Amino acid sequence: MSNTYSAISQIGIVSGFSDLVHTDFKGEINAMCWHRDLDGNFKEIVDQLCIKENITEVYSEDLLALRLSEKGNKAREIILNDLQLLTDFGASPSLNLLKCYERDDEFDFISTDVYSFHVDRSPIAADTFLCTYHGASTDIISNSQAEQKILIPEIRTKLKELHNGTEEEFENFLKENYFDLHYQPHQNSEPVNLGLGHLWRLAVEHPEQKVLPCIHRAPIENKGEYRLLLIC
């Protein structure tokens with residue numbers, strides 16, 4: 001077992017899928033990692049897939065139609081097994097071939113796209129699962145190393161200029177436009193990269209959540225390289 005993440009207080013390390021989904025978040029731990037060293041050629045899969053838009057969903061039948069080497073076939077079996085494990089658990093996993101996500105450039109003082117550090121929110125108890133098989137991978141950051149953007153005075157002032165109403169209406173405005181989900185890392189913060197092949201479970205903000213939600217962001221893609229990402 002690698003010690004890459006074991007010394008990071010917000011990350012719990014498990015050795016199998018059952019532990020991944022059934023181990024409770026507690027204290028500072030709001031990211032759970034099934035740490036794996038995968039033996040398969042995922043680049044071979046990416047090279048054979050056809051991207052139709054900036055984000056193309058890849059289905060099991062697309063994977064099964066590929067003619068792969070032994071290493072490529074091993075990678076395909078891993079992905080199909082991950083999809084099946086999550087589906088059997090009751091999740092709705094999606095395998096995406098990614099060129100890039102849409103950018104939010106409406107305001108120059110606050111961004112609400114996935115390249116900004118943010119948390120996920122759900123009206124019901126839920127977790128975010130993800131695994132990057134190929135390409136640049138997701139970053140997370142400790143909650144103590146970031147500040148909610150809407151609490152930064154100069155940002156809050158500019159947001160209030162966009163909204164003419166009561167304080168209560170302003171708070172609803174922040175939630176309705178997802179401004180409250182985004183965070184600014186502190187100057188000397190140290191984001192943690194989630195790496196390749198590990199299956200992660202991240203805490204989501206919801207009414208029953210007992211820990212702080214996990215702050216994360218999509219990476220800037222490597223030039224000329226697609227990402228292959230499982231997420232739900």
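These numbers come from a predicted model, not from an experiment.

Here we look at the nonpolar core
1) Next: Leu 20, Ile 45, Ile 79, Leu 95, Tyr 133, Leu 228 and Leu 230 are the most contacted members of the largest nonpolar core, which totals 31 residues.
2) Next: Here the element with the most residues in this core is helix H4 (residues 70–89); it accounts for five residues.
3) Next: Not counting residues within four places of it along the chain, the set of residues in contact with Tyr 133 comprises Arg 36, Leu 38, Phe 42, Ile 78, Ile 79, Asp 82, Leu 95, Leu 196, Leu 228 and Leu 230.
4) Next: Counting 16 residues, the second largest nonpolar core, distinct from the first, contains Leu 98, Ile 140, Leu 194 and Leu 229.

Considering unusual backbone geometry
1) Next: A positive phi angle, near 65°, is found at Tyr 178, a position not held by glycine.
2) Next: Inspection of the secondary structure assignment puts Tyr 178 in the loop between helix H6 (167–176) and strand E8 (183–185).

A short note on the pattern of salt bridges
1) Next: Applying the stated rule across the entire model yields twelve salt bridges.
2) Next: With a closest N to O distance of 3.5 Å, Lys 74 and Asp 39 form a salt bridge. Of the two residues, Lys 74 is situated in helix H4 and Asp 39 in the loop between strand E2 (31–34) and helix H2 (42–48); the sequence distance between them amounts to 35 residues.
3) Next: According to the relative accessible area criterion, Lys 74 is partly exposed, its value standing at 32%.
4) Next: Of the residues examined, Asp 39 reaches a relative accessible area of 37% and is grouped as partly exposed.
5) Next: Across the pair Arg 156 and Glu 171 runs a salt bridge, and its minimum N-O distance is 2.6 Å. In this pair, Arg 156 is assigned in helix H5 (residues 153–162) and Glu 171 in helix H6, connecting sequence segments 15 residues apart.
6) Next: The partly exposed category is assigned to Glu 171, whose relative accessible area is 32%.
7) Next: Ionic contacts of the salt-bridge type, sharing partners, join the residues Arg 156, Lys 160, Glu 167 and Glu 171 into one network.

Conventions and cut-offs
Residues numbered from 1 in each chain as written. Predicted model: local features only at pLDDT ≥ 70, side-chain atom pairs only at ≥ 80, totals over all residues. Heavy atoms only, no water. Core = buried A, V, L, I, M, F, W, Y, C linked by side-chain atoms within 4.5 Å. Buried < 20%, exposed > 50% of the residue type's maximum accessible area, 1.4 Å probe, protein only. Helix = DSSP H or I, 4+ residues; strand = E, 2+ residues; numbered from the N terminus. Contact = heavy atoms within 4.5 Å. Salt bridge = Lys/Arg side-chain N within 4 Å of Asp/Glu carboxyl O.

Keep in mind that these numbers describe shape and distance, not what the molecule does.
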